[in-house]
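Survey of secondary and tertiary structure
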Amino acid sequence: MTIRNFYLLMAIVGTGVPWLFFGSFFAQHGLALPLFIQSLFANGPAAGFSADVLISILIFWVWSWSDAAKHKVERWWLVLPASFFVGLSLALPLYLFLRERD
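What counts, and at which threshold
Residues numbered from 1 in each chain as written. Predicted model: local features only at pLDDT ≥ 70, side-chain atom pairs only at ≥ 80, totals over all residues. Heavy atoms only, no water. Helix = DSSP H or I, 4+ residues; strand = E, 2+ residues; numbered from the N terminus. Buried < 20%, exposed > 50% of the residue type's maximum accessible area, 1.4 Å probe, protein only. Contact = heavy atoms within 4.5 Å. Areas by Shrake-Rupley, 256 points an atom, 1.4 Å probe, with all protein chains shown as cover. Lys, Arg positive; Asp, Glu negative; His and termini not counted. Charge placed at Lys NZ, Arg CZ, Asp CG, Glu CD. Axes fitted to C-alpha atoms, helices over the stretch in contact; angles between N-to-C directions. Parallel < 35°, antiparallel > 145°, perpendicular 65-115°, else oblique. Nonpolar A, V, L, I, M, F, W, Y, C, P; charged D, E, K, R; others polar. Polar contact = N/O pair within 3.5 Å; in protein donor to acceptor, adjacent residues only side chain to side chain. Salt bridge = Lys/Arg side-chain N within 4 Å of Asp/Glu carboxyl O.

In this section: the overall build of the protein chain. Of the regular secondary structure elements, the protein chain holds five helices and zero strands. Element order for the protein chain, N to C, with α for helix and β for strand: α-α-α-α-α. Based on the C-alpha atoms only, the size of the protein chain along its principal axes is roughly 45 × 25 × 20 Å. Expressed as a percentage of the 102 residues in the protein chain, the buried residues total 27%. Sequence separation of 24 or more characterises 51% of the internal contacts of the protein chain that already satisfy a separation of 6 or more. Of the accessible surface of the protein chain, which amounts to about 6900 Å², a share of 73% is contributed by carbon and sulfur atoms. Averaging the positions of the 6 positive and the 5 negative side-chain charges in the protein chain gives two centres separated by 6 Å.

With their axes 11 Å apart at the nearest point, helix 3 (residues 44-71) and helix 5 (residues 88-99) run at an angle of 10° to one another. Overall, the two elements helix 3 and helix 5 adopt an arrangement that is roughly parallel. In this structure, helix 3 contributes Ser 56, Ile 57, Phe 60, Trp 63, Ser 64, Asp 67, Ala 68 and His 71 to the contact, and helix 5 contributes Leu 88, Ala 91, Leu 92, Tyr 95 and Arg 99. For the contact of helix 3 with helix 5, the residue count by class is eight nonpolar, three polar and two charged.

To continue, consider the side chain of Ser 83. Tracing the chain through its elements places Ser 83 in helix 4 (residues 79-85). Given the relative accessible area of 7%, Ser 83 is considered buried. Side-chain polar atoms of Ser 83 contact the backbone oxygen of Leu 80, separated by 2.9 Å. What Ser 83 contacts, discounting residues up to four positions off in sequence, is Ile 57, Trp 61 and Ala 91.

A separate point is the pattern of salt bridges. Applying the stated criterion to the full structure yields two salt bridges. One salt bridge connects Asp 67 with Arg 99, and the closest N-O pair in it is separated by 2.5 Å. Taken together, the residues span a long stretch of sequence, with Asp 67 in helix 3 and Arg 99 in helix 5 at a distance of 32 residues. Looking at Arg 99, the relative accessible area reads 29%, which means it is partly exposed. The residue Arg 75 makes a salt bridge to Glu 74 at a minimum N-O spacing of 3.8 Å. Here Arg 75 falls in the partly exposed class, since its relative accessible area comes to 47%. With a relative accessible area of 59%, Glu 74 lands in the exposed category.

So, in structure tokens, the structure goes:
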């Protein structure tokens, strides 16, 4: 397995695992986005974990934008919707996949 294929596999896994949890939430509560966001900060541990991930995503956006310019990574902007609709577990391996040349 090449490193590029590994990044692609991790992007798939990084999409599926979070959506197992997101899907069960939305199946139970419907498209209740305010409740979803409130649940991210429901208690101290959840809030700390959520804040950590959100800060990491912001740092990743800045780094990937800069890195993409240096390395001429096409379609790097796909990490933006990937991080919004799934999270860093998709956005990071997706970017690394796009950055890696065959």
